[in-house]
Amino acid sequence: VKLPKAVETTLPNGLTVLIMEDHRFPTVSVQLNISAAGPLYEPANLPGLANVTAQLLREGTKTRSSKQFAEDVDTLGATINASAQFGSAATLLTGQGLSDNLDQWFPLLVDMLLNPTLPAEEITKLKTRLKGSLRQQRSQSGFLANERFSKAVYGNHPAAVVTATAESLDAMTPESIAQWHGERYAPQNAILSIAGNVQAATLLPKLKEWLAAWKKSELKETLPPNAAPTTAKKIYVVNRPNSVQTTLTMGNIAIDRRDPDYVPMVVLNRVFGAGPASRLFLNLREEKGYTYGVYSNFTALKYPGPWAAGGDLRTEVTEGAMTEFLKELNRIRSEKVPDAELDDARRSVVANFALSLESPTQLLQYETIRKLYGFPADYWDTYPAKIMAVSADDILRVGQKYINADTMQVVAVGDGSKITAVMEKFG
């Protein structure tokens, strides 16, 4: 595997720029990752501030109304968005469009980045929409499970917060939003990645000109202290009366993205629950018929996140499903993975990686990750070889280190009158 290499430079304002030329398609993808501007740094009383600010960027600039901005983007056939996901250290601005009119649509992205007016009437409209979705998400078992699980594993860490509240939305003022934008959107903490049908030599001078007004500040990113893995098993039942299914989530804090155990954890996760050929799926769906799908995943960012497993199951099989989950958890940390199963998992990871290289957006993502975490220039070139080198001993070692049924947090969302007694049997 040989990924196209990005041209890398730093603008006078401290902004890191990565340009990856890819002339297969007449398109350009842009990603601006602004660290220290994500929900991880929000004031405790204003959860949601980073995302509200991000969503308001499109709602009017000094030269364009909200409607005008949307029409200008549409006319050029581009898409421009901004978001700040809970648990993230960054706000993300993304853009995609044709290379032919990049000179027209890229300045629109810069306009919304640097000149948002954050109009009061748009703030009111957005708050109303968000309050509606707050009510809606409380009806979803997956959200309730994630909310409870995040609080259980992260404790006082800011990543425990997964949603805004009606109170926090009410407390946000045009001033607090403008202050967040003014203080947190700093070029020296940002990475601008561009991939597609561009020439780095001609694009760089334009970027310097377009982004000249974005001034460097003194803001440095300081991460909050890491959450420690929990040391005692605890089970939480979230009562959702009359629910016909139980949503289970279980796990504990594991690793951050820079950890050398990341690669063996990718392979372990593929064996255990990352897809339809995994042990969880084959056991609980194919063999037992308890569910349409059960999965495992892990969150490894600038700070350690959880490895977790779970899924939606019929209420009456909650006990059987818990028993099988625990069986599989114990098996991955007590028995070596057979050679054939391990080889299938490794090849599957590498094949998916190879397929993903077809997408310019994904190439952009890989380059941003490499820069964000300070990985060497050949990190992705050597990634498949690293995956193929993972042994059964490696999986056993990381399984024993990070997966322990006796210390994990378990969340069950369902009809409390039917599942509380069942869950009590497990801790």
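About the thresholds
- Residues numbered from 1 in each chain as written.
- Predicted model: local features only at pLDDT ≥ 70, side-chain atom pairs only at ≥ 80, totals over all residues.
- Heavy atoms only, no water.
- Pairing = 2+ DSSP bridges.
- Helix = DSSP H or I, 4+ residues; strand = E, 2+ residues; numbered from the N terminus.
- Axes fitted to C-alpha atoms, helices over the stretch in contact; angles between N-to-C directions.
- Contact = heavy atoms within 4.5 Å.
- Phe/Tyr/Trp six-rings, centres within 6.5 Å; stacked < 30°, edge-to-face > 60°.
- Buried < 20%, exposed > 50% of the residue type's maximum accessible area, 1.4 Å probe, protein only.
- Lys NZ or Arg CZ within 6 Å of the ring centre and 35° of its normal.
- Salt bridge = Lys/Arg side-chain N within 4 Å of Asp/Glu carboxyl O.
- Arc of directions from axis to C-beta.

Draft legend 1. Fine view of the sheet that holds strand E5 (residues 90-98). Strand order in the open sheet formed by six strands is E1-E2-E6-E3-E5-E4, with mixed pairing between adjacent strands. Each having just a single partner strand, strand E1 (7-10) and strand E4 (79-83) make up the two edges of the open sheet. Within the sheet, the average angular offset between the axes of one strand and its neighbour, ignoring direction, is 10 degrees. Across the sheet, helix H13 (residues 360-372) touches E1, strand E2 (16-21), strand E3 (27-35), E5 and strand E6 (190-196), and the angle it forms with E3 is around 30 degrees.

Draft legend 2. Main features of the environment of Val410. Here Val410 shows up in strand E11 (residues 409-414). Taking C-alpha positions, Val410 is 49 Å from Leu102, a pair spaced 308 residues apart along the chain. Apart from the residues within four sequence positions on either side, Val410 is in contact with Lys234, Ile235, Tyr236, Thr249, Met250, Met322 and Met423.

Draft legend 3. A look at the packing of aromatic side chains. For the coordinates displayed, the defined rule picks out 14 aromatic pairs. Arranged with centres 4.4 Å apart and planes meeting at 40 degrees, the rings of Tyr366 and Trp380 form a pair that is tilted. One end of the pair, Tyr366, is in helix H13; the other, Trp380, is in the loop between H13 and helix H14 (383-388), and 14 residues separate them in sequence. Judged by centre distance (4.2 Å) and plane angle (15 degrees), the rings of Phe375 and Tyr379 are stacked. The burial state of Phe375 is the same as that of Tyr379; both residues are buried. Taken together, the aromatic side chains of Phe353, Tyr366, Tyr373, Phe375, Tyr379, Trp380 and Tyr383 make up a single cluster linked through ring pairs. A cation sits over an aromatic face here: Arg257 above Tyr262, 3.7 Å from the ring centre.

Draft legend 4. Main features of unusual backbone geometry. Even without glycine at this site, Ala36 takes up a positive phi of about 70 degrees. Relative to the helices and strands, Ala36 is located in the loop between E3 and helix H1 (49-56). Exposure remark for Ala36: the relative accessible area of 0% places this residue in the buried category. Positive phi is not limited to glycine here, since Leu118 has a value of about 45 degrees.

Draft legend 5. Fine view of the pattern of salt bridges. Counted by the stated rule, this structure contains 27 salt bridges. A salt bridge links Lys206 to Asp103; the nearest nitrogen and oxygen atoms lie 3.0 Å apart. On the criterion of sequence distance, the pair formed by Lys206 in helix H8 (residues 200-210) and Asp103 in helix H3 (residues 102-114) is long-range, its members being 103 residues apart. A relative accessible area of 30% places Lys206 in the partly exposed class. Taking the relative accessible area as the measure of exposure, Asp103 reaches 37% and is therefore partly exposed. The residue Glu324 makes a salt bridge to Lys327 at a minimum N-O spacing of 3.2 Å. Of this pair, Glu324 and Lys327 both sit in helix H11 (residues 318-334), separated by three residues, roughly a single helical turn. We classify Glu324 as buried; its relative accessible area is 9%. Given the relative accessible area of 44%, Lys327 is considered partly exposed.

Draft legend 6. Up close: the pairing of strand E10 (residues 304-314). The buried fraction of E10 is high, at nine of eleven residues. Bridge analysis of strand E9 (residues 294-300) against E10 gives six bridges, and the strand direction is antiparallel. Residue Tyr295 lies in a different strand from E10, and its bridge partner there is Gly310.

Draft legend 7. Quick peek at the environment of Asp406. Looking at the element boundaries, Asp406 is found in the loop between helix H15 (392-402) and E11. In sequence terms Asp406 and Thr230 are 176 residues apart; their C-alpha atoms lie 10.0 Å from each other. In contact with Asp406, other than residues within four places in its own chain, are Ala232 and Lys233.

Draft legend 8. Representation of H8 within the structure. Ala200, Leu203, Leu204, Leu207 and Trp210 are the residues of H8 that are buried. End-on view of H8: buried residues confined to an arc of 130 degrees, all on one side of the axis. Turned more than 90 degrees away from the buried face of H8 sit Ala201 and Glu209, all of them exposed. Each element contacted by the buried residues of H8 is listed here: E1, E2, H3 and E6.

Draft legend 9. Highlighting the sheet that holds strand E7 (residues 234-239). Taken in spatial order, the five strands of this open sheet run E7-E11-E8-E10-E9, and their pairing is mixed. Strands at the two margins of the open sheet, each flanked by one partner only, are E7 and E9. Averaged over all adjacent pairs, the angle separating strand axes in this sheet is 15 degrees, with direction ignored. Two strands pair when backbone bridges link them, and strand E8 (residues 245-253) and E10 are joined in this way by nine bridges, in the antiparallel orientation. In the strand pairing of E10, Thr246 is matched with Leu313. Strand contacts of helix H9 (residues 262-272): E9 and E10, with the helix running at about 170 degrees to E9, the strand carrying the most contacts. Of the strands in this sheet, E9 and E10 are in contact with helix H10 (residues 279-287), which crosses E9 at around 150 degrees.

Draft legend 10. How the structure looks around helix H7 (residues 174-184). Every buried residue belonging to H7 is among Ser176, Ile177, Trp180, His181 and Arg184, and all of these are buried. Angular distribution of buried residues about the axis of H7 spans 135 degrees; they occupy a single face of the element. Residues of H7 that are exposed and angled more than 90 degrees away from the buried face: Glu175 and Gly182. Buried positions along H7 lie against E3, H1, H3 and helix H4 (120-137).

Worth remembering: the numbers are spatial, not functional.
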